[in-house]
Amino acid sequence: MLKPEDLKEADTDVSSVLKFNGHAETVQKVWDVVKKTAYGVDFVLWGLENQERIHYAMPLRHMIGDCFSYLKEYHEIAAKNRQEKDFVSSDEFLSNFKKTDRLHPVISLCVYYGEEKWDGPGCLKDMLKIPEKLQSLVSDYSMNLLQVRTSKPMQFRNPDVNTVFEASRFIYEKDYENLNAIYENKEIPSELGLVIGTITNSQSLIDRALEAEEKEGGQMIMCKALEELRMEGVLQGRTEGIRATVKTCKKFQINKEAIIETIGKEFSMPEKEVAEYVEKYW
């Protein structure tokens, strides 16, 4: 179990210099968040990547970050060993690493909060083109992935985290009925509203959260923002419907006047407004 009070800040920059056949190159790698968890005298490093867009090389990014974290600790241990000079064998001297030395585990997690389903690779082998006969010889590297949009089976102990994940899922699914039923009259911290609005690109939630932060003591009731959000969804759905209708009618060579009349009746819109849509999507 990972407890907040056990977490300590750690360096997010694990960039390193790679040397090979006389060539040296600096490779930069910076985690979004790195925390250190203490277990007695040992510790575990937890690296976090916040991802809004699908990244089709994410397993490789994770592998590099983890490896550089290990490499950084190895260099620290090696420097200490060289200074103390208490090697018991030539093999230890060669590697600057004692037989009893151990590195601490690094656990990395990608939190993906995009609206589209993650269709990128989940491990290094998914990125490789490998002949079948070599499959067993190639080392793999799996990635820990958490998708906000598919996190329904998960229940978080922290109620604020639960609110962020649940509300974001409802918005992605355009499930305004459940969203309103649970959150319409619920008071939440404005910073949570800001996080949810930022994750889901919902400007009405962001505006309402900022307003509440200034005028309402940092608490917000979501009813007004949710109604605006619902209307945004209705307008977006209408726009998509009009665009599809225009494209279909144009394909079958139906004239603009007939299209305007059809759309006006279907969506109960004035002809002037419909005409603007038709011109835009023609």
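What follows is about the nonpolar core. If you look at the biggest cluster of nonpolar residues, it comprises 22 residues, and the most contacted ones within it are Val148, Leu179, Tyr183, Ile196, Leu205, Met220 and Met222. Elements with a minimum of two residues in this core: helix H3 (159-172), helix H4 (176-183), helix H5 (190-199) and helix H6 (203-215). Examining the composition of this core, we find that six residues originate from one element, H3, more than from any other. The next biggest cluster of nonpolar side chains, apart from the first, holds eleven residues, and it includes Ile242, Cys249, Ile263 and Met269.

A cluster of acidic residues, Asp160, Glu191, Glu213 and Glu214, forms a negative patch at the surface. Here Glu214 lies in helix H6. For Glu214, a relative accessible area of 70% puts it in the exposed group.

This paragraph deals with the confidence of the model for the chain. Residue-level pLDDT values for the chain average 83, and 88% of them are 70 or greater. The weakest mean pLDDT in the chain belongs to strand E2 (residues 16-20) at 63; the strongest belongs to helix H2 (residues 90-95) at 95.

There is about 1200 Å³ of room inside the largest pocket. Forming the boundary of the largest pocket are 29 residues, of which Leu2, Leu48, Leu109, Phe156 and Val161 lie nearest the centre. Looking at the lining of the largest pocket, the elements with two or more residues in it are strand E4 (33-39), strand E5 (42-51), strand E6 (106-112), H3 and H5.

Throughout the structure, instances matching the rule amount to seven salt bridges. Note that Lys35 and Glu9 form a salt bridge whose closest N and O atoms lie 2.5 Å from each other. With Lys35 in strand E4 and Glu9 in strand E1 (residues 7-9), this pair connects stretches of sequence that are 26 residues apart. Of the residues examined, Glu9 reaches a relative accessible area of 62% and is grouped as exposed. Between Glu84 and Lys80 there is a salt bridge, with the nearest N and O atoms lying 2.9 Å from each other.

The complete set of buried residues in H5 reads Ser190, Leu192, Gly193, Ile196, Gly197 and Ile199. On its buried side, H5 packs onto H3, strand E8 (187-189), H6 and strand E9 (219-221). Just past H5, the residue Asn201 takes up positive phi, approximately 55°.

Here H5 crosses H6 at 160°, and the two axes come no closer than 8 Å. In terms of axis orientation, H5 runs roughly antiparallel to H6. Judged by the sense of rotation from one axis to the other, the crossing of H5 with H6 is left-handed. Contacts between H5 and H6 pair Ser190, Gly193, Leu194, Ile196, Gly197 and Thr198 from the former with Leu205, Ile206, Ala209, Leu210, Ala212 and Glu213 from the latter. For the contact of H5 with H6, the per-class residue count stands at seven nonpolar, four polar and one charged.

Bringing the environment of Phe68 into the picture now. Position of Phe68 relative to the elements: it lies in helix H1 (residues 58-84). A relative accessible area of 7% means that Phe68 is categorised as buried. Separated by 55 residues in the primary sequence, Phe68 and Asp13 have C-alpha atoms spaced 9.4 Å apart.

Looking now at the packing of aromatic side chains. Inspection of the entire model under this criterion finds four aromatic pairs. Note on Tyr74 and Phe97: the rings are 5.6 Å apart at their centroids and 50° apart in plane angle, and the pair reads as tilted. Of this pair, Tyr74 sits in helix H1 while Phe97 is found in the loop between H2 and E6, placing the two residues 23 residues apart along the sequence. Measuring from ring centre to ring centre gives 5.8 Å for Phe87 and Phe93, while their planes differ by 85°; the resulting arrangement is edge-to-face. The exposure class assigned to Phe93 is exposed, which follows from its relative accessible area of 56%.

What counts, and where the lines are drawn
- Residues numbered from 1 in each chain as written.
- Predicted model: local features only at pLDDT ≥ 70, side-chain atom pairs only at ≥ 80, totals over all residues.
- Heavy atoms only, no water.
- Core = buried A, V, L, I, M, F, W, Y, C linked by side-chain atoms within 4.5 Å.
- Buried < 20%, exposed > 50% of the residue type's maximum accessible area, 1.4 Å probe, protein only.
- Helix = DSSP H or I, 4+ residues; strand = E, 2+ residues; numbered from the N terminus.
- Patch = residues over 30% accessible without salt bridge, like charges linked within 9 Å, V, L, I, M, F, W, Y side chains within 5 Å.
- Areas by Shrake-Rupley, 256 points an atom, 1.4 Å probe, with all protein chains shown as cover.
- Salt bridge = Lys/Arg side-chain N within 4 Å of Asp/Glu carboxyl O.
- Lys, Arg positive; Asp, Glu negative; His and termini not counted.
- Charge placed at Lys NZ, Arg CZ, Asp CG, Glu CD.
- pLDDT = per-residue confidence, 0-100.
- 1 Å grid on protein atoms, 1.4 Å probe; cavity = no way out; pocket = protein on both sides within 12 Å on 5 of 7 lines; lining within 4 Å.
- Points joined across faces, edges and corners; volume = space filled by probe spheres on them.
- Contact = heavy atoms within 4.5 Å.
- Axes fitted to C-alpha atoms, helices over the stretch in contact; angles between N-to-C directions.
- Parallel < 35°, antiparallel > 145°, perpendicular 65-115°, else oblique.
- Left-handed = near helix turned anticlockwise from the far one by under 90°.
- Nonpolar A, V, L, I, M, F, W, Y, C, P; charged D, E, K, R; others polar.
- Phe/Tyr/Trp six-rings, centres within 6.5 Å; stacked < 30°, edge-to-face > 60°.

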